[in-house]
Amino acid sequence: MADPDPATNVRIPSEHEAFHFRSLAEVQAQLDKLALSLPFTDDISPLLAPAEIGGRHFPNRLCIQPMEGCDGTSNGAPAELAMRRYQRFAAGGSGLLWMEATAVVPEARANPRQLWLHEETVSEFARMREMLMAAAAESLGEDHQPVTILQLTHSGRYSKPRGIPEPIIAHHSAPLDPRHDLGSEYLLISDEELDRLQDRFVETAHLARRAGYDGIDIKATHRYLINELLASYTREDSKYGGSFENRIRFLLEVIGRIKTEVPGLLIGSRLNVYDALPYPHGFGMARDGSMEPDLGEPIELIRRLHEAGLDIINLGYGNPYYNPHVERPFDTLASGGYIPHEHPLASIATMVEIAREIHEAVPEMPLVATGLSWLRQFFPAVAAAMLEQGWCQFAGVGRLGLACPDFARDLIECGKLVPTKLCITCSSCTQIMRDGGRTGCVVRDREIYAPIYQRCRFRDPD
Ligand SMILES: Cc1cc2nc3c(=O)[nH]c(=O)nc-3n(C[C@H](O)[C@H](O)[C@H](O)COP(=O)(O)O)c2cc1C
């Protein structure tokens, strides 16, 4: 039996199961049983083909997804483990390194060690980029130059700059407010504060360019502040709430300003296209209050973002604090988690289908696909098929990259992934984050992260 669905509180029989497939034929049989479909191909060459987007050359279509390590210094500079992580990712051969959530103001940090880019840390961000480019060249030769995009964020509802929640919310949310015990009197971020926040995003984009990054990402996903604005249907008397025009205003204006005020930067957005929270609480949702996606607004937004100069979208889904199975299908729950009602293959099929529909509606916008780590050694077969069909231009990996930072090299050199090096979707990386530690793969990078996991589980976060 599944745990009650967090959105509907309904308990239904669960189709959830752990990964147990030894061949693509077994995966296909399970898909047939569930009346689902995923594309597959044996030809992984689309993953290794170069790309040109926004005046940048990408050596291949493999992308490391943004993943917070919670390992910055107290003033937001990347510290030793962050440097190590990006050196490993860069040496691992992915053509696109989409780097983790980096706060634009201190009150926006999701934890006291979240990266924060400002005048005093810009030189360390520059050093990190130089180190990772050197690691890439040393591993794959001078011609292999991955593109680097730095994700700029405001954690909004999930801000925790001093280690305890200090939510900054754009609207009151019936499903989410109780999680932080927020009553109706809790103040919303004002329009004036949002206007000033736009300036901070633009200033931080300047700093990212100065530090040498190819691009920035305005993070509008996972129910952080800008994603919350997209779903601010009930925000009243505000130029940032209510109508579609108002809800997309912040994102559209920031992108437009960066395009003109910080020329030369590649501009991306990690964009939630399906919040999996019923209307009027979620973006990309059917208006009948069901959990069905309605991509009308996300598609129109992507068209407008393209006109405003956005170069690339990294697709995002759901909310990792509320319904993590939507984008991070797992075998093992993080503590306090729930058994989802749907099979992990169903979550993946939903993400793949949404990518397909978005690509077909806005083919001019390059997309990064995500949420495929649960597939383990079968990830390349699905990702390559999506690329072959044109449904995405890059295949992103999150947890699989933490477990196996050199997965791209394995594909380049051996044409396949090694199952014993891959992510087992045990949720330990997420667990460390929740417990307040520095995060990474407890299973495949255990010398560093198993002791951290143990310490944090026994309530002694470092
Ligand atoms: C430890 C951890 C940290 C993450 N941090 C971020 C982040 O900073 N920004 C972001 O957009 N997504 C973040 N994500 C989500 C991943 O980018 C990715 O979308 C997700 O893990 C699903 O992909 P996967 O199945 O390949 O893991 C994080 C995920 C994990 C596991």
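Parameters and conventions
- Every chain begins its residue count from 1, and numbering advances along the sequence as written.
- Two thresholds apply to this predicted model, a pLDDT of at least 70 for residue-level local features and 80 or more for giving and counting side-chain atom pairs, whereas whole-chain, interface and lining totals are computed over all residues.
- Strands here mean DSSP runs of E at least two residues long; helices mean DSSP runs of H or I at least four residues long; both are numbered from the N terminus.
- To get the radius of gyration, use the C-alpha atoms; to get the globule rule, take the number of residues to the power 0.38 and multiply by 2.2 Å.
- Here a residue counts as buried when 20 or more other C-beta atoms sit within 10 Å of its C-beta, as exposed when there are 12 or fewer, and as partly exposed otherwise, the C-beta atoms being derived from the backbone.
- Two residues qualify as a contact pair if the distance between their C-beta atoms, derived from the backbone, is within 7 Å.
- Nearness between a residue and a molecule or strand is assessed with a C-beta atom placed from the backbone; a distance within 6 Å qualifies.
- What counts as a domain boundary in this text is fixed by an automatic or database domain assignment.
- Residue polarity follows a fixed list, in which Ala, Val, Leu, Ile, Met, Phe, Trp, Tyr, Cys and Pro are nonpolar, Asp, Glu, Lys and Arg are charged, and the others, Gly among them, are polar.
- To get an axis, fit a line to the C-alpha atoms, keeping to the stretch in contact for a helix; angles then go from 0 to 180 degrees between the N-to-C directions.
- By convention, the crossing between two helices is left-handed when the near helix turns anticlockwise from the far helix through less than a right angle, and right-handed when the turn is clockwise.
- As used throughout, a nonpolar core is a set of buried Ala, Val, Leu, Ile, Met, Phe, Trp, Tyr and Cys residues joined through C-beta atoms within 7 Å of each other.

Caption draft 1: Highlighting the overall build of the protein chain. A count of helical and extended segments in the protein chain gives 14 helices and 11 strands. Computed over the C-alpha atoms, the radius of gyration of the protein chain is 20 Å, within 12% of the 23 Å expected from 2.2 N^0.38 for a compact globule of 462 residues. Taken along its principal axes, the extent of the C-alpha atoms in the protein chain is 55 × 55 × 50 Å. The buried share among the 462 residues of the protein chain stands at 52%. Looking at the protein chain alone, contacts between residues at least 24 apart form 70% of all its contacts between residues at least 6 apart.

Caption draft 2: Region of interest: helix H10 (residues 379-389). Those residues of H10 not exposed but buried are Phe379, Pro380, Val382, Ala383, Ala384, Met386 and Leu387. Lining the buried residues of H10 we find helix H2 (45-48), helix H9 (344-361), strand E10 (367-369), strand E11 (394-397), helix H11 (399-403) and helix H12 (407-414). Gly390 sits one or two residues past H10 and shows a positive phi near 85°.

Caption draft 3: Inspection of helix H1 (residues 24-33) at higher detail. Across the 10 residues of H1, 1 count as buried, placing the element largely on the outside. Of the residues trailing H1, Ala35 is marked for its positive phi of about 55°.

Caption draft 4: How the structure looks around the site of the ligand. Close to the ligand lie 24 residues, the nearest being Gln65, Ala101, Ser373, Gly398 and Arg399. Looking at the shell around the ligand, the elements that each hand over two or more residues are strand E4 (96-103), H11 and helix H13 (428-435). With 3 residues, H13 is the largest single contributor of residues to the shell around the ligand. The residue makeup of the shell around the ligand includes at least three contributed by each of domain 1 (39-423) and domain 2 (426-462).

Caption draft 5: A look at the domain arrangement of the protein chain. Parsing the protein chain into structural domains produces domain 1 (39-423) and domain 2 (426-462). The straight-line distance from the C-alpha centre of domain 1 to that of domain 2 is 22 Å. On the side of domain 2, 15 residues touch domain 1, which itself brings 18 residues to the contact. For the side of domain 1 that touches domain 2, the secondary structure elements donating two or more residues are helix H3 (80-91) and H11. Of all the elements, H11 adds the most residues to the side of domain 1 that touches domain 2, at 3 residues. Residue composition of the side of domain 1 that touches domain 2, by class: 8 nonpolar, 4 polar and 6 charged.

Caption draft 6: Up close: the environment of Met365. As for its placement among the helices and strands, Met365 is situated in the loop between H9 and E10. Ignoring sequence-local partners within four residues, the contact set of Met365 consists of Ile302, His306 and Ile313.

Caption draft 7: Molecular detail of the environment of Leu194. With respect to the helices and strands, the residue Leu194 is situated in helix H5 (residues 191-210). Assessed through the 21 C-beta atoms surrounding it within 10 Å, Leu194 is described here as buried. Spatially, the C-alpha atoms of Leu194 and Phe250 are 7.7 Å apart, while their sequence positions differ by 56 residues. Beyond its immediate chain neighbours, meaning those up to four positions away, Leu194 contacts Ile189, Tyr240 and Phe250.

Caption draft 8: Highlighting the packing of H3 against helix H4 (residues 122-140). Remark: H3 packs on H4, axes separated minimally by 7 Å, with the N-to-C direction vectors making an angle of 35°. Here the hand of the crossing between H3 and H4 comes out right-handed. Touching Ala82, Met83, Tyr86, Gln87, Ala90 and Ala91 of H3 are Met128, Met131, Leu132, Met133, Ala135, Ala136, Glu138 and Ser139, all from H4. Class assignment of the residues belonging to the contact of H3 with H4 gives a composition of 11 nonpolar, 2 polar and 1 charged.

Caption draft 9: Examining the nonpolar core more closely. Membership of the largest hydrophobic core comes to 130 residues, with the highest contact counts inside it found for Ile216, Ala355, Ala369, Ala383, Met386, Cys392 and Ala395. For this core, the leading source of residues is H9, giving 7 residues. Per-domain counts for this core show at least three residues from each of domain 1 (39-423) and domain 2 (426-462). Setting aside residues up to four positions removed in sequence, Ala369 forms contacts with Leu315, Ala355, Ala383, Met386, Cys392, Ala395 and Gly396.

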